[in-house]
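For reference, the chains in residue letters:
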Amino acid sequence: DLETLRQMRGKWPVLWVNVDGVGHPGTVQALGDIFALHRLGLEDVTDVPQRAKVAAYGDHLLIVARMARLIPELDLEQIGIFVGRDYVLTFQERPGDPLDPVRARIRAGHPRIRGSGPDYLAYAVIDAIVDHYFPVLESYADRLDALEEEIVGRPSRRSMNRLHHAKRELMSLRRAIWPLRDALAALVREPGELVTQPTLVYLRDCQEHAVQIVDLVETYRDLGSSLTDLYLSSVSHRMNEIMKVLTIFASIFIPLGFVTGIYGMNLVHPPVAWYWRWGFAFGVMGVVALGLLAFFWRQGWLGREK
Amino acid sequence: DLETLRQMRGKWPVLWVNVDGVGHPGTVQALGDIFALHRLGLEDVTDVPQRAKVAAYGDHLLIVARMARLIPELDLEQIGIFVGRDYVLTFQERPGDPLDPVRARIRAGHPRIRGSGPDYLAYAVIDAIVDHYFPVLESYADRLDALEEEIVGRPSRRSMNRLHHAKRELMSLRRAIWPLRDALAALVREPGELVTQPTLVYLRDCQEHAVQIVDLVETYRDLGSSLTDLYLSSVSHRMNEIMKVLTIFASIFIPLGFVTGIYGMNLVHPPVAWYWRWGFAFGVMGVVALGLLAFFWRQGWLGREK
Amino acid sequence: DLETLRQMRGKWPVLWVNVDGVGHPGTVQALGDIFALHRLGLEDVTDVPQRAKVAAYGDHLLIVARMARLIPELDLEQIGIFVGRDYVLTFQERPGDPLDPVRARIRAGHPRIRGSGPDYLAYAVIDAIVDHYFPVLESYADRLDALEEEIVGRPSRRSMNRLHHAKRELMSLRRAIWPLRDALAALVREPGELVTQPTLVYLRDCQEHAVQIVDLVETYRDLGSSLTDLYLSSVSHRMNEIMKVLTIFASIFIPLGFVTGIYGMNLVHPPVAWYWRWGFAFGVMGVVALGLLAFFWRQGWLGREK
Amino acid sequence: DLETLRQMRGKWPVLWVNVDGVGHPGTVQALGDIFALHRLGLEDVTDVPQRAKVAAYGDHLLIVARMARLIPELDLEQIGIFVGRDYVLTFQERPGDPLDPVRARIRAGHPRIRGSGPDYLAYAVIDAIVDHYFPVLESYADRLDALEEEIVGRPSRRSMNRLHHAKRELMSLRRAIWPLRDALAALVREPGELVTQPTLVYLRDCQEHAVQIVDLVETYRDLGSSLTDLYLSSVSHRMNEIMKVLTIFASIFIPLGFVTGIYGMNLVHPPVAWYWRWGFAFGVMGVVALGLLAFFWRQGWLGREK
Amino acid sequence: DLETLRQMRGKWPVLWVNVDGVGHPGTVQALGDIFALHRLGLEDVTDVPQRAKVAAYGDHLLIVARMARLIPELDLEQIGIFVGRDYVLTFQERPGDPLDPVRARIRAGHPRIRGSGPDYLAYAVIDAIVDHYFPVLESYADRLDALEEEIVGRPSRRSMNRLHHAKRELMSLRRAIWPLRDALAALVREPGELVTQPTLVYLRDCQEHAVQIVDLVETYRDLGSSLTDLYLSSVSHRMNEIMKVLTIFASIFIPLGFVTGIYGMNLVHPPVAWYWRWGFAFGVMGVVALGLLAFFWRQGWLGREK
């Protein structure tokens, strides 16, 4: 509770307070009072969604980012991180997993986190958030691979809907990671006095990971476009196949039907022995049918296209 | 009226004059004389439409922006804001709502607006304008979601017309917010002496919101493109479905009709008992029909595709 | 004539010489000698077409721009403007209207043009050229609106040809205004000593108009792309409508024809009273037809799609 | 030969050596020794293809560019130009025409080339190369105009193949001129001490021409995309026309055939006088045919679409 | 082994250690201890895949790049290169060929590699990696040429799948070379003290090759898009051809069948001599058939389109 927190301040070199659920304005306000946080920063943390950013408010930094999770739909939860001289405050919308590895490392007595200042702890949190994008992106890579196989093999309307869904989620991912990349680049360029030199090297590494994620998202978007082309060409191709079947059947049997129609006309027929006339009739039909088959064969319509 | 205004100047720390309707050049000119506004700035305010911009004219700033409203079509009204040492002048085309929250806060005695200079009041106005884009964009998000559901479920020509309409309005929104973002960024970078340091922090926050709006507009445009692809693939897919029905019917019944035609030929038939020949005829037809059905089944054309 | 010109030089604070038709090299050369113009500048003026640009040659500036007119096809005439300490020379390909408002204002004794130096006169000319793009662009907006109505209502092949034509002319407009925008931006950034401070404010205004024109051209290009998508989807949609009609007719009447064919077979029929058999035959046909109509109804093919 | 060359060095203010065919490494190496050229520069000249660039190696510059020719396919030959204090060396792959105008002007005793240093001669060579892009681009403009006329009038598969071919060559042109533009811009920005001030003005002019060529190439690429859209819409449109013919024929005659089939059924007919029944039969057929024609007329399928 | 390595350090001016397989963390860690490598650098080398980059860690540089190979699928193996004052460490995933030419040159006693420092050796390695992209890209050029020929001649569904495959691999190549280009540009801009001036000239050359590769990849991507358009237009065109055949057959024979149907109606026929009636019937059919053939001829559907 808040009173204990107030007393603990100053007794530890680094204090990490994690707030789950930002819907309780009173608590947030009280924390803002205890740590003397800027009003605009507090608003940014409680008003979701925000764009990822790094803002410097005199003696403390605010880093806003979005954490990517698949549960199983894409979920982009906002996290706000205040970094001061002796504290790190994190505000999450819901209690959740991306920060669990950091907690586990602290509990396990990870020497570097324990021995470093709040800037390194904040780096560890951001690094956990950024690295959590990779498994999410991998699942999109798998999904696109599966879609590609489906579209190459047996394209259905559902494939296209799923492709659109994936493209849509990639747009959201892009909107989440792109500003984070820029914010981290700005932080690395002008770290201010709260970020120490050793941590800066780690932050630069983290920013490179964000760049890599942006690259991957862009590649997957390109891949999605190429799959759309592939789908449209597949559908057109199948239309061709269907039309060929129709054309072959109709073009062979409609003329044959015409021949039978001629013999069905109620006209006085010339007196010819029946066997010869049957033979002639079937001969004509056979010639017509074989001629058309030969025509379609030369067009290359009869073999199944590879 | 103008005489009262002239007398009031200088008696209050900040004077806010809001002019609705810029079609009355006399009033605008008189105001320009009272507050010594630059001729080009006055022209910018009366000549609509202008591109959003921030222009510094010695002792006063001019900020031109566009307010987005849905009534229920998208309406992008221009607003011109002159900021001087002791006054804020706003020129609107029509009396309207985006500024109402600001007025309400002043009437309610909002301490920060009351206690700050004209730069903070101008910020409050711009912030109200920028934040009014969010509900407008949300309505587009809803519209695109509804269109997506429609296109996935039952795409019609009307869906495409409405999609085009939404894309067109998003282009207008983009053209309104993009220069505002740049103008605010320029103002934040070189605030001049009229903008005080505390207000600058707020302006930066406001500029970040403009960036976020640009991001959203771009995402919705991408989404619109993806929906166009989805629509086109849906239409192609339905064409395939239609053609399959035609091909199945025609390919089965045209050969069967040919068989009946053979039996309808006016030739002397071989003397065979009728029951056997009926059986043979229907047998041939049955074999043809079942063979073709098997062929279509193997092609996967008979089951309704998911 | 040239002799009078030579004598008039120096007697007036600002001398404006407008040359219509740059095909007379002798005159151009003579003018170059009188005003000591740089050889490369003269070449730029006589060699059309050039890219819009601003070039500084010591004591005089050369501004090359393109004037947009609709007569009624898009016409992009080149204009070269030399600005010196006491003269402005304009070289047009053909005598024409965009500069007429400037002349009218001079004749009407416009105080600011009369009282200012050659830089303001040059600004007035450039401003007239830039502002003349707006009515041209408005006509494209009207054309695209008309095309949109046509494509939504009754798309024809001619619509697409006209859309392509509009897109093509927008490409030309873009190629004309884009470098002018950059050239004006460069001039505003580094005005040199020929441009006075008061004129610079006007030039900046003019450059903003150029930016606004570029924005509009880009928006119209985007609109053109969206209209292309709309057209293609309309054509596909109409194809679906046509195919549905064919499929409904063929799928209903080909099976019915098959039934009549069965009854037309020259086989000894079982001895049943004729009225029953007529009833049975029409009953079968009715069931087939109603069944297929029900099937097409469930597919939603019978109602006219909105 | 090389010995004469060695002796001539130093005797003339500017020495221009043009090497045709860079496949003779011995000659190139010997020239490199005579003029003390940098090893990397020589490699750049002999290893084709290279990207256009300007490289400064202490006391000499290397300019690599590509010359565009149509013979009649697009040919992009590489040229390497070494510029030193008293020499210009040009390495071409094949003897060829773009440099002929320069040679002609030297032989004709062109005063500026004769009187200036090697930098002006190098400029003259580069200017000839850059200006030679214009006729090449003009031929593409003509080709695209012809394709446009073809696609608007009578689109065939060959049009599309030729369009693809043109787009492909425009990509090559773009890849040749884009880096040259950047290299010239870099040279103009940091000319080094080998380029004199008067030549710099000419080089800037030349660089503007390169920018203009890039603009043109981009416009033609856009035009190619628009033509692709136009082609695809034309093909779809023709498909609609074909399908309309099929649908009209099939929808009218298949129901009529069904009516004749009914009258062909081998059932005992009711005893009605023959003339009445013929009239009734043709009446039914006429009503069906006219009804369908009216339906297609209302659909607007019968008139040839503009 | 590691002990020998430790002893050899310092005895040679440049020591090149190549580690194949980065899956053995112990060896990597031991090497890191011997050469005092930064922890983050070692992580970058062992955690694959990384984005290409250049990182400076005090007294040593880390260069991460990806080597392109076709075996026969595209393989992008990561390589990490540590450059210190007297050593070069290279970490490969698998033993492989791109570095073999460097080894061969060292064994052959190449004077420049032998006589220069570790920076030149590192350059030689990077140069071998970059230049190995060229044959890979050439194979894509060949593949796209083959696809183009196929699509122009006889487009099949397999062509489209292979085109998609090539586009996908080009995306991977782009993602590999783009950051390498940027990293090399950053290294050339700020080489630090480990890179000597003579090597810098070589590195700049190498960076230009990377730029050229990026250009090529982009051109091939554009080419891929153009081929997609070509394929789609080809498929649409073939659909037109198929539909024309169907339409011609159906439109000619269905009316003819209707004529035979009329004569097959079981109505009492007017008593006319049989020969005249046969002639009339075939006359009507002939007129119908020739009229339709003339119609299709005028439509241009009968000749095979070029």
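Criteria and cut-off values
Residues numbered from 1 in each chain as written. Chains lettered and ligands numbered in written order. Predicted model: local features only at pLDDT ≥ 70, side-chain atom pairs only at ≥ 80, totals over all residues. Heavy atoms only, no water. Helix = DSSP H or I, 4+ residues; strand = E, 2+ residues; numbered from the N terminus. Rg over C-alpha atoms; globule rule 2.2 N^0.38 Å. Buried < 20%, exposed > 50% of the residue type's maximum accessible area, 1.4 Å probe, protein only. Phe/Tyr/Trp six-rings, centres within 6.5 Å; stacked < 30°, edge-to-face > 60°. Contact = heavy atoms within 4.5 Å. Buried area = accessible area lost by both parts, 1.4 Å probe. Salt bridge = Lys/Arg side-chain N within 4 Å of Asp/Glu carboxyl O. Least-squares fit on C-alpha atoms with pLDDT ≥ 70 in both. Polar contact = N/O pair within 3.5 Å; in protein donor to acceptor, adjacent residues only side chain to side chain. Pairing = 2+ DSSP bridges. Axes fitted to C-alpha atoms, helices over the stretch in contact; angles between N-to-C directions. Expected span 1.5 Å × (residues − 1). Parallel < 35°, antiparallel > 145°, perpendicular 65-115°, else oblique. Left-handed = near helix turned anticlockwise from the far one by under 90°. Nonpolar A, V, L, I, M, F, W, Y, C, P; charged D, E, K, R; others polar.

Asks: Would you mind going over the overall build of chain A in detail, with residue names and values included?
Replies: For chain A, the count of helices and strands is 10 helices and five strands. In terms of C-alpha radius of gyration, chain A reaches 35 Å, well past the compact-globule figure of 19 Å for 306 residues. Overall size of chain A, expressed as C-alpha extent along the three principal axes, is 120 × 35 × 30 Å. Taking all 306 residues of chain A together, 56% fall into the buried category.

Asks: Please give an account of the packing of aromatic side chains that cites residues and values.
Replies: Evaluated as defined, the whole model comprises 40 aromatic pairs over all chains. For the ring pair Phe253 of chain D and Phe258 of chain E, a centre distance of 5.7 Å and an interplane angle of 55 degrees mean the geometry is tilted. Of this pair, Phe253 of chain D sits in helix α9 (residues 197-263) while Phe258 of chain E sits in helix α9 (residues 197-263), on two different chains. Geometrically, the ring pair formed by Phe35 of chain E and Tyr87 of chain E is tilted, given 4.5 Å between the ring centres and 45 degrees between the ring planes. Of this pair, Phe35 of chain E sits in helix α2 (residues 25-35) while Tyr87 of chain E is found in strand β5 (residues 87-92), placing the two residues 52 residues apart along the sequence.

Asks: Give a description of the interface of chain B and chain C that names residues and reports values.
Replies: Of the residues lining the interface, 51 residues belong to chain B; the matching set on chain C comes to 56 residues. Roughly 4,900 Å² is buried in total at the junction of chain B and chain C, and carbon and sulfur atoms are behind 62% of that figure. At the boundary of chain B with chain C, the tally comes to eight salt bridges. Between Asp205 of chain C and Lys53 of chain B there is a salt bridge; the shortest N-O distance is 3.7 Å.

Asks: How would you summarise the relation of the copies chain B and chain C if you had to cite specific residues and measurements?
Replies: One copy of the chain maps onto the other through a rotation about an axis plus a displacement along that axis. It takes a turn of 72 degrees to lay chain B on chain C, together with a shift of 0.0 Å along the axis; the resulting RMSD is 0.1 Å. The two molecules are tied by a five-fold rotation axis, judged by turn and shift. Distance from the rotation axis, computed per C-alpha, reaches its smallest value in chain B at Gly264 of chain B: 4.8 Å.

Asks: Explain the arrangement of the chains to me, and be specific about the residues and the numbers.
Replies: Between chain B and chain E there is no contact, and the shortest C-alpha to C-alpha separation is 9 Å. If you take every C-alpha in chain C and every C-alpha in chain E, the smallest gap between them is 9 Å, and the two do not touch.

Asks: Explain the interface of chain D and chain C to me, using residue names and the numbers behind them.
Replies: How large an interface is tends to be reported as the accessible area lost when its parts come together. Taken together, the 57 residues of chain D in the interface contact 52 residues of chain C. The interface formed by chain D and chain C holds seven salt bridges in total. A salt bridge links Arg168 of chain C to Asp145 of chain D, with the nearest nitrogen and oxygen atoms 2.6 Å apart. Counting across the chain D and chain C interface gives 13 residue pairs in polar contact (both at pLDDT 80 or more). Take the side of chain D that touches chain C: its biggest share by element is 34 residues, from α9 of chain D.

Asks: Which residues make up the sheet that holds strand β2 (residues 53-57) of chain B, and what values do they have?
Replies: All names here are of chain B. Read across the open sheet, the five strands follow the order β1-β5-β4-β3-β2; overall the sheet is mixed. Across the chains shown, the open sheet's two edge strands, defined by having one partner strand only, are β1 (15-20) and β2. Sheet twist, expressed as the mean angle between neighbouring strand axes with direction ignored, is 20 degrees. Here five bridges tie strand β4 (residues 74-83) to strand β5 (residues 87-92), and the two strands are oriented antiparallel to one another. By the bridge assignment, Gly80 is partnered in β5 with Phe91.

Asks: An account of the pattern of salt bridges is requested, with residue identities and associated values reported.
Replies: Counted according to the given criterion, the structure contains 99 salt bridges over all chains. Among the ionic pairs, Asp100 of chain E bridges to Arg103 of chain E, the shortest N-O distance being 2.6 Å. Linking Asp100 of chain E with Arg103 of chain E, this pair stays in helix α4 (residues 100-107), spanning three residues, or about one helical turn. Classification of Asp100 of chain E by relative accessible area gives partly exposed; the value is 36%. For Arg103 of chain E, a relative accessible area of 18% puts it in the buried group. One connected set of salt bridges, linked through shared partners, spans Asp44 and Lys53 of chain A together with Asp205 and Glu208 of chain B.

Asks: So what about the environment of Met160 of chain D? Which residues, and what values?
Replies: Residues and elements named next belong to chain D. Of note, Met160 is situated in helix α8 (residues 157-189). Among the residues examined, Met160 registers a relative accessible area of 2% and is labelled buried. For Met160 and Leu121, which are 39 residues apart along the polypeptide, the C-alpha to C-alpha distance reads 44 Å.

Asks: Which residues make up the relation of the copies chain D and chain C, and what values go with them?
Replies: Placing chain D over chain C gives an RMSD of 0.1 Å and needs a rotation angle of 72 degrees, together with 0.0 Å of translation along the axis. Little of the interface of chain D is mirrored in chain C, where only 19% of its interface residues are also at the interface.

Asks: Residue-level account of unusual backbone geometry, with values.
Replies: Between Ile71 of chain A and Pro72 of chain A the backbone carries a cis peptide bond, its omega angle lying at -15 degrees. By secondary structure assignment, the location of Pro72 of chain A is in the loop between β3 (60-70) and β4 (74-83). For Ala36 of chain C, which is not glycine, the phi torsion reads 55 degrees and is therefore positive.

Asks: Please give an account of helix α9 (residues 197-263) of chain C that cites residues and values.
Replies: If you check α9 of chain C, its first and last C-alpha atoms are 100 Å apart, about what 67 residues at 1.5 Å a residue would give, namely 99 Å. Across the 67 residues that make up α9 of chain C, a large majority, 53, are buried.

Asks: If you had to explain the sheet that holds strand β3 (residues 60-70) of chain D to someone new, which residues and values would you point to?
Replies: Residues and elements named next belong to chain D. Across the sheet, five strands lie side by side as β1-β5-β4-β3-β2; this open sheet has mixed pairing. Each end of this open sheet is capped by a strand with a single partner; those strands are β1 (15-20) and β2 (53-57). When strand polarity is set aside, the average angle formed by the axes of neighbouring strands in this sheet is 20 degrees. Two elements, β1 and strand β5 (residues 87-92), share six bridges in a ladder whose sense is parallel. Counted as the bridge partner of Trp16 is Val88 from β5.

Asks: Run through the packing of helix α7 (residues 133-153) of chain B against helix α8 (residues 157-189) of chain B, naming residues and quoting values.
Replies: The relative placement of two packed helices is expressed as an angle between their axes plus a distance between the axes. All names here are of chain B. The contact between α7 and α8 brings their axes to 11 Å, and the two run at 155 degrees. One finds that α7 runs roughly antiparallel with respect to α8. In this structure, α7 meets α8 at a crossing whose hand is left-handed. Of α8, the residues touching α7 (which contributes Tyr133, Val136, Leu137, Tyr140, Arg143, Leu144, Leu147, Glu150 and Ile151) are Ser159, Arg162, Leu163, His165, Ala166, Glu169, Leu170, Leu173, Ala176 and Ile177. Here the contact of α7 with α8 is composed, by residue class, of 13 nonpolar, two polar and four charged.

Asks: A description of the environment of Ile242 of chain D should follow, citing residues and the corresponding values.
Replies: Residue position: Ile242 of chain D is located in helix α9. In this structure Ile242 of chain D comes out as buried when scored by relative accessible area, which is 2%. Between the C-alpha atoms of Ile242 of chain D and Pro72 of chain D, which are 170 residues apart in sequence, the distance is 38 Å. Leaving out residues up to four positions away in the same chain, Ile242 of chain D has contacts with Asn240, Met243, Lys244, Thr247 and Trp301 of chain E.

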